[in-house]
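Geometric and topological summary
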Amino acid sequence: EKAEDGRTYGETAKDDVMDTIRTLYAMKSHAADYDVTISEEEQTKIEEAAKTFMEDNDAETLEKLAVSETDMVTYLELLTYREKLHDPMVADVDKEVSDEEAGQSTVSVVKVSTVGTEKDEDGNTIELTKEEKEAKKEQAQQVLDKVKASENVAEADMSALAKEVEESLYASTPSFTTAGSEEDTLDQKVIDAVSSLEDGQLVQEVVEGTDGYYVVRLDKKNDEEATANKKESIISEREQEAYDKLVEEWTEKAEIKVEDNVWKKVKVTDSVSFQYKPAETSDTGSEEDAADSSEEDTADQAEEDTEE
């Protein structure tokens, strides 16, 4: 079966696999830069896992996979290098994140969507009529009135009150960057509506957003837990960017020669199932990584039939 670019899915899968191979070997070539090696214990576990793999699959399956025990050892070694290189590769990433950059506010929101649910003959969403939108706004107003009438607005169960109006309605508790951020996904109208409120205060009017009406309460202007999570997220993003940049640079500069005449012989023709049991005693993550990666990569190759 061919994709939009005219190539078969099998050809695309082969390209993806080759990219992975190049990356793994490029990373291994830089292991010494970080004093990363495979210990005797790790090597033993790798060899045991490879041997077990060969024993758990019959000859027909192994022939279809075109894999040997040596191949498995090599692959698991490469995955182990990748696993062990990650932390030293990102060790120099700036771990300092300011409160202004990460500070989070949390709100409780009941959204009454104004996005149509029906489609026309061409599959396009049919927009709600003016009358239908007015009915949605009235639902939001009813929810707001119920929250206002609560004995303790700050602790009112907005989901329960919303369901009294319409069973499908519920309250969510999203957070957003207090100082503002382009990455915030919450409707800007909602963010603006709580900008002058204090903890537990309710926006006194229904907020009209781009695709719905909102009933909004500011729960925490300075949410310490959400802020801590955001800081961790920012650091993780920095680490991922640094890691990806290094991997890309190494792969582009790697002197890897591919025997094209041999690679052309590899064809994706069939779906193959195989058994893999990662070693429970693994402390490097390599065997478990291999289980995930090998099954995924093989599935990507094998499950797409080609016209070759």
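Placed above this text is the structure.
Residues numbered from 1 in each chain as written. Predicted model: local features only at pLDDT ≥ 70, side-chain atom pairs only at ≥ 80, totals over all residues. Heavy atoms only, no water.

**Considerations on the overall build of the chain**
Across its full length, the chain carries 11 helices and five strands. Counting the 308 residues in the chain, one finds 36% classified as buried. For the chain, restricting intrachain contacts to residue pairs at least 6 apart in sequence, the fraction spanning at least 24 positions comes to 73%. By element, 42% of the accessible surface of the chain is carried by carbon and sulfur atoms, the whole surface being about 19100 Å². (Helix = DSSP H or I, 4+ residues; strand = E, 2+ residues; numbered from the N terminus. Buried < 20%, exposed > 50% of the residue type's maximum accessible area, 1.4 Å probe, protein only. Contact = heavy atoms within 4.5 Å. Areas by Shrake-Rupley, 256 points an atom, 1.4 Å probe, with all protein chains shown as cover.)

**Side note on the side chain of S150**
Here S150 is to be found in the loop between α6 (130-148) and α7 (158-165). A polar contact is formed between the side chain of S150 and the backbone oxygen of K146, at a distance of 3.2 Å. Residues within four places of S150 in sequence aside, it is in contact with A156 and L161. (Polar contact = N/O pair within 3.5 Å; in protein donor to acceptor, adjacent residues only side chain to side chain.)

**Some details on the pattern of salt bridges**
Side-chain pairing between opposite charges can occur once the charged atoms of the two side chains come close. This structure, assessed with the given rule, holds 12 salt bridges. Its salt-bridge partner being K111, residue D211 comes within 3.1 Å of it at the nearest N-O pair. A residue pair is termed long-range when its members are at least 10 positions apart, and D211 in the loop between β4 (207-208) and β5 (212-220) and K111 in strand β1 (residues 104-113) qualify at 100 residues. Residue D211 is classed as partly exposed on the basis of its relative accessible area, which comes to 26%. (Salt bridge = Lys/Arg side-chain N within 4 Å of Asp/Glu carboxyl O.)

**Re the environment of T178**
With respect to the helices and strands, the residue T178 is situated in the loop between β3 (175-177) and α8 (188-193). Residues T178 and S105, 73 residues apart in the sequence, show an inter-C-alpha distance of 5.5 Å. Not counting chain neighbours up to four residues away, the residues in contact with T178 comprise G103, Q104, S105 and K221. Within the local environment of T178, its side chain forms a polar contact with the side chain of S105, the two groups lying 2.8 Å apart.

**Points about the packing of aromatic side chains**
Counted by the stated rule, this structure contains three aromatic pairs. Here Y34 and W250 contribute two aromatic rings whose centre-to-centre distance is 6.1 Å and whose plane-to-plane angle is 55°, an arrangement assigned as tilted. Here Y34 is found in the loop between α1 (9-28) and α2 (40-56), whereas its partner W250 is found in helix α9 (residues 224-253), with 216 residues between them in sequence. Aromatic side chains F53 and Y276 sit 6.0 Å apart centroid to centroid with 45° between the ring planes, which places their arrangement in the tilted category. Taken together, the residues F53 in helix α2 and Y276 in the loop between α10 (260-263) and α11 (286-302) connect sequence positions 223 residues apart. Overall, Y276 belongs to the buried group, its relative accessible area being 8%. Put simply, the rings of F53, F274 and Y276 pair up and form one aromatic cluster. (Phe/Tyr/Trp six-rings, centres within 6.5 Å; stacked < 30°, edge-to-face > 60°.)

**Some words on a negative patch on the surface**
The grouping of E237, E241, D244, E248, E249 and E252 at the surface amounts to a negative patch. Positionally, E252 belongs in helix α9. (Patch = residues over 30% accessible without salt bridge, like charges linked within 9 Å, V, L, I, M, F, W, Y side chains within 5 Å. Lys, Arg positive; Asp, Glu negative; His and termini not counted. Charge placed at Lys NZ, Arg CZ, Asp CG, Glu CD.)

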